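Coordinates in review
Chain by chain, the residues run as shown.
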Amino acid sequence: MSEPVLSARALRKSFRSGDALLQVLRDVNLDVAAGESVSIRGESGSGKSTLLNLIAGLDAPDSGTVLWGGSPDTGAGRRAAYLGMVFQSFYLVPELDALANVLLARRILGRIDAAARDRARSLLGDVGLSDRAHHLPSQLSGGERQRVALARALMNGPNLIVADEPTGNLDERTGNEVVELLLGLCASADTALVLVTHNASHAAKTRRSLTLTAGALGGS
Amino acid sequence: MPWYLHLALRQLFPTGRRFPFFTLISTLGVALGVMVLVVVMSIMGGFAYEIRHLIVDTEGEVQIVARGPVSDYASVVKRVESVPGVAAATPYARDAVMVKFGDKPAFPMLRGLDLGSIERVTQLGRYVVVGSLDDLDDDSVILSDQIASSLGANVGDSIEVYSPLIINKLSADAVFLPRQVRVVGILHIGHQQLDSSTVYGTLRLAQDLYGLGSTVHGIDVRLNPGVNEDDAVARVNKVLPDGIRAFSWEDSFSDFLWVLNLERSMIFFLLLFIVIVAAFSVTSSLLISVVRKTREIGLLGALGGRPLHVALCFCAQGLFIGVLGTVSGLAAGFLALAVRNDVVLWVARVTQRQEVLRRFYQFSELPSHTSGSTVALIVVLTIVISTLAGTIPAWRAARLKPVEALRSE
Ligand SMILES: Nc1ncnc2c1ncn2[C@@H]1O[C@H](COP(=O)(O)OP(=O)(O)O)[C@@H](O)[C@H]1O
Ligand SMILES: [Mg+2]
């Protein structure tokens, strides 16, 4: 079989605050195959976001390796095309309308052309916002903002999406819709997904459910 | 367009809103500085330019003078006129005189003109408002208007002229009568100093008054359009006999010009501080925006944006404000220059000071001359300063680590 989309080996990460050393991740191993969906649960403060940051190449582990498709290059240049991120607080650029927020992912990658615009529009259609393309984030509801963020994460056709409690700021019904949408879009694009969530029913919808406890991942 | 320029533009001009407050205020500050610089520099340049213009119009671009009187001036004129680049030359005699009309005296300079060649060198005829240069003969003069009005003399009146020679003879107890001349014209140049102190007569009249015989005091030279003055002066000097030298306007007034330039540089430097202070406010606004947008900056990193490009996004905002401020400042500055005389007249009318204005102003209009190189300097400096204003916020933004920025909830 081909290389896993993501392969994390023996990740350790600690934070120093004053004299105290806080060992957050002790020995994390995680393989995600192409198109596979994995959920990670864990108590607040257990290190889920820390782990996602390491996976996304935004932060460096104290030791251990992260490979994307077998390659250790997890730099900014590769990230734009390889990986999409979704956050609890959406993080849309308030000065850009929905369409421009989606296109921003492509702009950072390089030029945008008519094809890119068409793709951004069709992604907005996929998340049910085709008639809101020119609305600013401030004119959208929380659920709608998160949908724009989903479209942005998918814009460059990434191999992997990491989502950090994407429903944390949404009411239950909207949260369910967003997770359904996220899983559906990843499945149809054959994009792997690492979903951090507190919600057991959301976790149950992924192919594999893991729990982060005491700095290590375990099946559940 | 690279993403960071696109985002910089969008942050200055968000979709939907016409002109956000930060952009407006920052641009206004820069524009104000540029406007004041353009207006003040143009008006200061205008004074130098007008003086030059008047002197060139009344005396030509190049003046030839000797230590004593120039004796064989006809051959000197011929030689000078054969120099490439020289259009024409005209001899003159000039000294102080006392004129009297009734019991009112005045002490102007009387300049004797060679009527045969004067029109080829100067534009004097254009400034004669009553009568004309052609009416001059060896027993008549043209008065500048302020002399005429202080004497109370008019065209047709007869006035007395006392030259230094006559006064010398008088003190030697010789009997010598003043020269009686008719007023045949009134001249208005538009420069306070010239209008209050100049009388024109023929060369013959001046030679008689000053006891010059057939010599002159100097020769005025006009150049062909576009000829470089310094080069022409050098060529003219080559053909001049010893003891006679040619000077360009810049040579003759070099001290005056030096002071004028010093003044202009100082003022330029001081006014540039308006732009610099405006740039400080751009810096602080952008710093606030970096703090406010910490999480978005983190997001840009998460989307694969490089720190350098994030920095450029903020630098570019300084640049755009600089460009916008420069353009609107130039527009406002040129507009202000266009209406400057109306403004001055309006102020004079409101404050009932039209008379004062006329009496004390060098020129009858507020002069203005905008030099292209000064405008270029203003444009370049303003844009550079505004861009520099963006560098501190840019550096702060580039230093933000995406993980930390994203955590900062
Ligand atoms: N940059 C940091 N400096 C110090 N401590 C940190 C830093 N990032 C995370 N931590 C700590 O590491 C632990 C795990 O944080 P996090 O990964 O955000 O947890 P989770 O996302 O599971 O709630 C927390 O105790 C948090 O305070
Ligand atoms: Mg977290």
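All of the points below concern the structure found in this document. (Residues numbered from 1 in each chain as written. Chains lettered and ligands numbered in written order. Predicted model: local features only at pLDDT ≥ 70, side-chain atom pairs only at ≥ 80, totals over all residues. Heavy atoms only, no water.)

1. Some thoughts on the overall build of chain A
Each helix and strand in chain A was counted, giving seven helices and nine strands. Compactness check: chain A gives a C-alpha radius of gyration of 17 Å against a globular reference of 17 Å for 220 residues, within 12% of the reference. Expressed as lengths along the three principal axes of its C-alpha atoms, the size of chain A is roughly 50 × 40 × 35 Å. Buried residues in chain A amount to 54% of all 220 residues. For chain A, restricting intrachain contacts to residue pairs at least 6 apart in sequence, the fraction spanning at least 24 positions comes to 70%. Accessible surface, chain A: about 9,100 Å² in total, of which carbon and sulfur atoms supply 47%. Placing the 23 positive and 23 negative side-chain charges of chain A at their respective mean positions leaves the two points 2 Å apart. (Helix = DSSP H or I, 4+ residues; strand = E, 2+ residues; numbered from the N terminus. Rg over C-alpha atoms; globule rule 2.2 N^0.38 Å. Buried < 20%, exposed > 50% of the residue type's maximum accessible area, 1.4 Å probe, protein only. Contact = heavy atoms within 4.5 Å. Areas by Shrake-Rupley, 256 points an atom, 1.4 Å probe, with all protein chains shown as cover. Lys, Arg positive; Asp, Glu negative; His and termini not counted. Charge placed at Lys NZ, Arg CZ, Asp CG, Glu CD.)

2. Quick look at the interface of chain A and chain B
The interface of chain A with chain B comprises 23 residues on the first partner and 23 residues on the second. Note on chain A versus chain B: buried area summed over both sides is about 2,200 Å², and carbon and sulfur give 65% of it. When the buried area of chain A at its contact with chain B is split by residue, Tyr91, Glu95 and Ile108 of chain A rank highest and sum to 32% of it. Viewed at the interface, chain B and chain A are joined by one salt bridge. Two residues, Glu95 of chain A and Lys293 of chain B, come together in a salt bridge whose shortest N-O distance is 2.4 Å. At the junction of chain A and chain B, the tally comes to five residue pairs in polar contact (both at pLDDT 80 or more). When contributions to the side of chain A that touches chain B are tallied by element, the ones reaching two or more residues are helix H2 (76-82) and helix H3 (98-109) of chain A. (Buried area = accessible area lost by both parts, 1.4 Å probe. Salt bridge = Lys/Arg side-chain N within 4 Å of Asp/Glu carboxyl O. Polar contact = N/O pair within 3.5 Å; in protein donor to acceptor, adjacent residues only side chain to side chain.)

3. Notes on the sheet that holds strand S2 (residues 20-32) of chain A
Residues and elements named next belong to chain A. Sheet architecture is open: three strands sit in the order S2-S1-S4, paired in antiparallel fashion. The open sheet has two edge strands with one neighbour each: S2 and strand S4 (63-68). With direction set aside, neighbouring strand axes in the sheet form an average angle of 25°. Where strand S1 (residues 6-17) and S4 come together, five bridges link them in antiparallel fashion. Each bridged residue has a counterpart across the sheet, and for Leu6 the counterpart in S4 is Trp68. (Pairing = 2+ DSSP bridges. Axes fitted to C-alpha atoms, helices over the stretch in contact; angles between N-to-C directions.)

4. Quick look at the packing of aromatic side chains
For the structure on display, the rule yields four aromatic pairs over all chains. Aromatic side chains Trp68 of chain A and Tyr82 of chain A sit 5.1 Å apart centroid to centroid with 5° between the ring planes, which places their arrangement in the stacked category. On the criterion of sequence distance, the pair formed by Trp68 of chain A in strand S4 and Tyr82 of chain A in helix H2 is long-range, its members being 14 residues apart. Of the two residues, Trp68 of chain A and Tyr82 of chain A, neither departs from the other in class, the shared state being buried. Look at Phe87 of chain A and Tyr91 of chain A: their rings are 5.0 Å apart centre to centre, the planes differ by 50°, and that puts the pair in the tilted class. Classification of Phe87 of chain A as buried rests on a relative accessible area of 8%. Lying across the ring of Tyr82 of chain A, Arg78 of chain A places its NZ or CZ 4.7 Å from the centre. Positioned above the aromatic ring of Tyr92 of chain B, the side-chain terminus of Arg111 of chain B is 4.1 Å from the ring centre. (Phe/Tyr/Trp six-rings, centres within 6.5 Å; stacked < 30°, edge-to-face > 60°. Lys NZ or Arg CZ within 6 Å of the ring centre and 35° of its normal.)

5. Quick notes on the site of ligand 1
Around ligand 1, the surrounding shell consists of Phe15, Leu22, Val24, Glu43, Ser44, Gly45, Ser46, Gly47, Lys48, Ser49 and Thr50 of chain A together with Arg407 of chain B. Chains contributing residues near ligand 1 are chains A and B. Contact distances for ligand 1 include 3.3 Å between an oxygen atom and a backbone N or O atom of Ser46 of chain A. Measuring from an oxygen atom of ligand 1, one finds a backbone N or O atom of Lys48 of chain A at 2.8 Å. In isolation ligand 1 has 560 Å² of accessible area, and contact with the protein removes 72% of it. Of all the secondary structure elements, the ones that give two or more residues to the shell around ligand 1 are S2 and helix H1 (48-55) of chain A. Here the element with the most residues in the shell around ligand 1 is H1 of chain A; it accounts for three residues. Of the residues contributing to the shell around ligand 1, the split by class is three nonpolar, six polar and three charged. (Near = heavy atom within 4 Å. Nonpolar A, V, L, I, M, F, W, Y, C, P; charged D, E, K, R; others polar.)

6. Describing unusual backbone geometry
Excluding glycine, a negative phi dihedral is what most residues carry, and trans is how most peptide bonds are arranged. All names here are of chain A. For Glu165, which is not a glycine, the phi torsion comes out positive at approximately 45°. Position of Glu165 among the secondary structure elements: in the loop between strand S6 (160-164) and helix H6 (172-189). Of note in the backbone geometry, Asp190 takes a positive phi value of approximately 55° without being a glycine. Structurally, Asp190 is set in the loop between H6 and strand S7 (192-196). Owing to a relative accessible area of 53%, Asp190 belongs among the exposed residues under this scheme.

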